[in-house]
Amino acid sequence: MKIIELDLTNCQTLYDLHERIRIAFDFPDWYGKNWSAFWDLLWSECDADKVIIRGERSLPADFNKHLLKMHEILERNRAFRKQHRLPPFVYEIENGEA
């Protein structure tokens, strides 16, 4: 089982959040650092079975809309894999589960 650990502890900007995504998911340097690019690479290039997200609680409240979007995309990936009979995909949020 391939597990990705995404630590968002104390991200200061949306750019920083996407840079941490790029590094954790081993996306290429040309990753567009936006939610469309995250979805495109998640379903097409990511072979992880599980993502563990840490540090969400350390982020300011203005990150909430971005975290919700990230969760929505991870959910979409879970449904996509199930629909296409691909290996299951799950994600966990520190101190909670998705």
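Calculation rules
- Residues numbered from 1 in each chain as written.
- Predicted model: local features only at pLDDT ≥ 70, side-chain atom pairs only at ≥ 80, totals over all residues.
- Heavy atoms only, no water.
- Axes fitted to C-alpha atoms, helices over the stretch in contact; angles between N-to-C directions.
- Helix = DSSP H or I, 4+ residues; strand = E, 2+ residues; numbered from the N terminus.
- Parallel < 35°, antiparallel > 145°, perpendicular 65-115°, else oblique.
- Left-handed = near helix turned anticlockwise from the far one by under 90°.
- Contact = heavy atoms within 4.5 Å.
- Buried < 20%, exposed > 50% of the residue type's maximum accessible area, 1.4 Å probe, protein only.
- Polar contact = N/O pair within 3.5 Å; in protein donor to acceptor, adjacent residues only side chain to side chain.
- Core = buried A, V, L, I, M, F, W, Y, C linked by side-chain atoms within 4.5 Å.
- Salt bridge = Lys/Arg side-chain N within 4 Å of Asp/Glu carboxyl O.

(A) Summary view of the packing of helix α2 (residues 35-45) against helix α3 (residues 64-83). Packing of α2 against α3 brings their axes to within 10 Å, and their N-to-C directions diverge by 25°. In terms of orientation, α2 lies roughly parallel with respect to α3. Our pair here, α2 against α3, has a crossing hand that is right-handed. Every residue of α3 that contacts α2 at W35, F38, W39, L42 and W43 is listed here: H66, K69, M70, I73, L74, R76, N77 and F80.

(B) Region of the structure containing the environment of T13. Turning to its location among the elements, T13 is positioned in the loop between β1 (3-7) and α1 (14-25). T13 gets classed as partly exposed once you look at its relative accessible area, which sits at 39%. Along the sequence, T13 and F63 sit 50 residues apart, while their C-alpha atoms lie 8.6 Å from each other. A polar atom in the side chain of T13 sits 3.0 Å from the backbone nitrogen of D16.

(C) Representation of the nonpolar core within the structure. If you look at the biggest cluster of nonpolar residues, it comprises 28 residues, and the most contacted ones within it are L8, I21, F25, F38, I53 and M70. The set of elements that each furnish at least two residues to this core consists of β1, α1, α2, β2 (50-54), α3 and β3 (90-93). Top contributing element to this core by residue count: α2, with six residues. With sequence-adjacent residues up to four places away left out, I53 is seen in contact with L6, L8, M70, H71, L74, Y91, E92, I93 and E94.

(D) The pattern of salt bridges, seen in detail. According to the stated counting rule, one finds 10 salt bridges in the structure shown. Note that D29 is salt-bridged to R22, the shortest N-O span being 3.1 Å. The exposure class assigned to D29 is exposed, which follows from its relative accessible area of 66%. A relative accessible area of 14% places R22 in the buried class. The salt bridge involving E72 is made with R76; its shortest N-O contact spans 3.8 Å. One end of the pair is E72 and the other is R76, both in helix α3 and four residues apart, which spans about a single turn. E72 sits in the partly exposed class, given a relative accessible area of 42%.

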